[in-house]
Amino acid sequence: MSTVDQNQTSQYRQTIIIGSGTAGLSAAYQLQKLGCKSVFILEGSNRIGGRILTEYLDKDLTQPLEMGACWMHGLQENPVYELAQRENFPSHTGTILSFDIGTCVDEHGLQISSDLHHEVDEFFESLLQDTRDLFEYQQQNNTQISSTSIHKVFLEKFENFVNLNGGDQETRCLKLKLLQRRFDQETGECGCQSMEQVSYSEFGSYQRPKGPDMEFPCGYSTLIRFLCSQIPQNWIQFDQFVENILWDQNDRVHITCKNGNVYECDYVICTIPLAVMKWNYKSLFTPPLPTWKTEAIQKMDMGTVDKIYLFYDQLDFFTGDSLAIVYDREHDTLDIKKEWYKKIFLFQKVYDNVLLCWITGDEAIFCEQLDETYIGDTLTNLFRKSLKNPSIPTPTKVVRTQWFSNPCAKGSYSYVPVGASSWQHIQDLAKPLIFNNMSRVFFAGEHTHTRYYSTVTGAFITGQTQALYVAQQLISNNDTEMLAKANTDDFTKIQWKREVEPP
Ligand SMILES: Cc1cc2nc3c(=O)[nH]c(=O)nc-3n(C[C@H](O)[C@H](O)[C@H](O)COP(=O)(O)OP(=O)(O)OC[C@H]3O[C@@H](n4cnc5c(N)ncnc54)[C@H](O)[C@@H]3O)c2cc1C
């Protein structure tokens, strides 16, 4: 699709934001604060929030069940946390805040001592710390070690460690199984299929604001509802799945949606998730994207993390807050059809009667197509065997997420794979498209933040920043009212100074 049908009528707005997830709404909030009046948000689905989706167990919205994002990672100088505090978002406690293991068993019911799994986890944590130190060293010395995977390096180091401190053959074998579980857990942190995909030298590029993690008060949708409440409701246009962005026209950018609607604007902020762009970037942009942009889209990656919620009348059989099961597995391969559940790295009690199971990668994608009753039956058999309790009931309800099958997400969050560079490729994902010396198409979203990629915080910051870049263009066109607002509004000032004003 390269041209716009001349007979089609189009609607004009000065700025069009594609997507009403965190980045899109954060951009809209910023533009609204700067006094922009001519804005549309084109949302491909029928709801706001994107990869934030909170269901509630109660009518008062105090018992959230997060289908997508749950944690605020790091609270210090975290603009999302600052917003929640400034706007007095309601607070509550409920769900668990970490991947800490309570009970650990193998799939045949053998109880694994906490000393053993702590030993493995501590060693793994020390290797993770090494990757952060390595990344810092590379940055300081402007060097980069050759690209290999976290899995390869960690496995080698772990095997040496086990050879020195392993104990008898059975204990060594168990430690290697615990390592596999820990790798699987890390795929949940990274959003990938396997740690064989994740770059060792780049792993330390992922950072968080300092301080503890915290679940978002009263569910992450509180943030989405707040941002939405601050902008005119007629800005958001639902069911407008963007199929083409024609960006080399002298006058305006033309945007065509799947339903045939055409929009025109001066500036676009595109927050389409990386996995969606990987799938359709060739037809999404006319003319085709420059090579540096397509290379960044191809090199960076985004995988799938899904959640399965199991509901019970009572959870008597489940002691403690969480359960890790160590499976019999041949290395990193599974017969997905029969063994998909062996990728579940943790079961967490999130309410007195609700368990949350985490699953990633191809196994998560396979699970997305399974019947929910069948999922419940399979996991009941697993619990009965591994907890040695044949009377464990089947869940009364099973709810699982389908992030990969969602055409507006196609996965969960981004990571830096082997062969990619966070510095180069994420920056390239974030760079605007320029036509006739003017930045026309801006990019925001979690995948465009060089340090906080994969997170709500990253998405929020990039949305705000790109909105400020649009404002900068408007100000350079003599929008003095906007300049005055940019210099006085508290929310705007910090990011404006950090990102937009020349040092
Ligand atoms: C299971 C899961 C758990 C997570 N846990 C956490 C966590 O604990 N903490 C954390 O910080 N982050 C977490 N994340 C990641 C976090 O949710 C995302 O990083 C963040 O929400 C991304 O925001 P975004 O605006 O970049 O993208 P999105 O929220 O995906 O927004 C993009 C929007 O664009 C729309 N769209 C897509 N394609 C088109 C198109 N062609 N045309 C029009 N509209 C389109 C989508 O419908 C969507 O509304 C989790 C994600 C998942 C899936």
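Residues numbered from 1 in each chain as written. Predicted model: local features only at pLDDT ≥ 70, side-chain atom pairs only at ≥ 80, totals over all residues.

A.B. asks: Describe the overall build of the protein chain, with residues and values.
C.D. replies: Looking only at helices and strands, the protein chain has 15 helices and 21 strands in total. In terms of C-alpha radius of gyration, the protein chain reaches 24 Å, essentially the compact-globule figure of 23 Å for 503 residues. Dimensions of the protein chain, computed from C-alpha atoms along their principal axes, come out at roughly 75 × 55 × 45 Å. Here the protein chain holds 503 residues, and 47% of them are scored as buried. A fraction of 76% describes how many contacts in the protein chain between residues 6 or more apart in sequence connect residues 24 or more apart. (Helix = DSSP H or I, 4+ residues; strand = E, 2+ residues; numbered from the N terminus. Rg over C-alpha atoms; globule rule 2.2 N^0.38 Å. Buried ≥ 20, exposed ≤ 12 C-beta atoms within 10 Å, placed from the backbone. Contact = placed C-beta atoms within 7 Å.)

A.B. asks: Before we move on, could you go through the nonpolar core and cite the residues and values that matter?
C.D. replies: In terms of nonpolar packing, the biggest core is built from 133 residues, with Ile16, Ala28, Val268, Ile269, Cys357 and Phe442 touching the most fellow members. Among the elements that make up this core, the one with the highest residue count is helix 13 (residues 456–476) (nine residues). Apart from the residues within four sequence positions on either side, Ile269 is in contact with Thr15, Ile17, Ala27, Phe442, Ala444, Gln466, Ala467 and Val470. (Core = buried A, V, L, I, M, F, W, Y, C linked by C-beta atoms within 7 Å.)

A.B. asks: So what about the site of the ligand? Which residues, and what values?
C.D. replies: Near the ligand there are 40 residues, and of these Gly19, Gly21, Gly44, Gly50 and Cys408 occur at the shortest range. For the shell around the ligand, the secondary structure elements donating two or more residues are helix 1 (22–33), strand 14 (305–311) and helix 13. Per-class residue counts for the shell around the ligand are 19 nonpolar, 17 polar and four charged. Formed jointly, the shell around the ligand draws a minimum of three residues from each of two domains, domain 1 (10–50 + 215–301 + 414–500) and domain 2 (54–100 + 303–400). (Near = placed C-beta within 6 Å. Nonpolar A, V, L, I, M, F, W, Y, C, P; charged D, E, K, R; others polar. Domains from an automatic or database assignment.)

A.B. asks: Describe the domain arrangement of the protein chain, naming the residues involved and giving the relevant values.
C.D. replies: The domains assigned to the protein chain are domain 1 (10–50 + 215–301 + 414–500), domain 2 (54–100 + 303–400) and domain 3 (116–205). A straight line from the C-alpha centre of domain 2 to that of domain 3 covers 24 Å. Listed as interface residues are 14 residues of domain 2 and, on the opposing side, 13 residues of domain 3. Elements supplying a minimum of two residues to the side of domain 2 that touches domain 3: strand 15 (322–326), strand 17 (354–360) and helix 10 (361–368). Looking at the side of domain 2 that touches domain 3, its residues break down into seven nonpolar, three polar and four charged.

A.B. asks: Go over the environment of Asp316 with me, naming the residues and quoting the values.
C.D. replies: Within the secondary structure, Asp316 sits in the loop between strand 14 and strand 15. Along the chain, Asp316 and Thr222 lie 94 residues apart, while their C-alpha atoms are 32 Å from each other.

A.B. asks: Hey, could you go over the packing of helix 13 against helix 14 (residues 480–488) for me, with residue numbers and the actual values?
C.D. replies: Running from amino to carboxyl end, helix 13 crosses helix 14 at an angle of 135°, the nearest separation of the two axes being 8 Å. Considered as vectors, helix 13 and helix 14 are oriented oblique to each other. For the pair helix 13 and helix 14, the sense of crossing is left-handed. From helix 13, Ala471, Leu474 and Ile475 reach across to helix 14, where they touch Met482, Leu483 and Ala486. (Axes fitted to C-alpha atoms, helices over the stretch in contact; angles between N-to-C directions. Parallel < 35°, antiparallel > 145°, perpendicular 65-115°, else oblique. Left-handed = near helix turned anticlockwise from the far one by under 90°.)

A.B. asks: Could you give an account of the sheet that holds strand 15, with specific residues and numbers?
C.D. replies: Here six strands make up an open sheet; going across it, the order is 6-15-16-17-14-18 and the pairing mixed. Looking along the sheet, the strands with just one partner apiece sit at the ends: strand 6 (103–106) and strand 18 (397–400). Strand-to-strand, the axes of this sheet are offset by a mean angle of 20°, without reference to chain direction. The pairing of strand 15 with strand 16 (residues 346–351) spans two bridges and is antiparallel. Following the sheet pairing, Leu323 is matched in strand 16 by Phe347. With respect to the sheet, helix 10 is in contact with strand 14, strand 17 and strand 18, its orientation differing from that of strand 17 by roughly 120°. (Pairing = 2+ DSSP bridges.)

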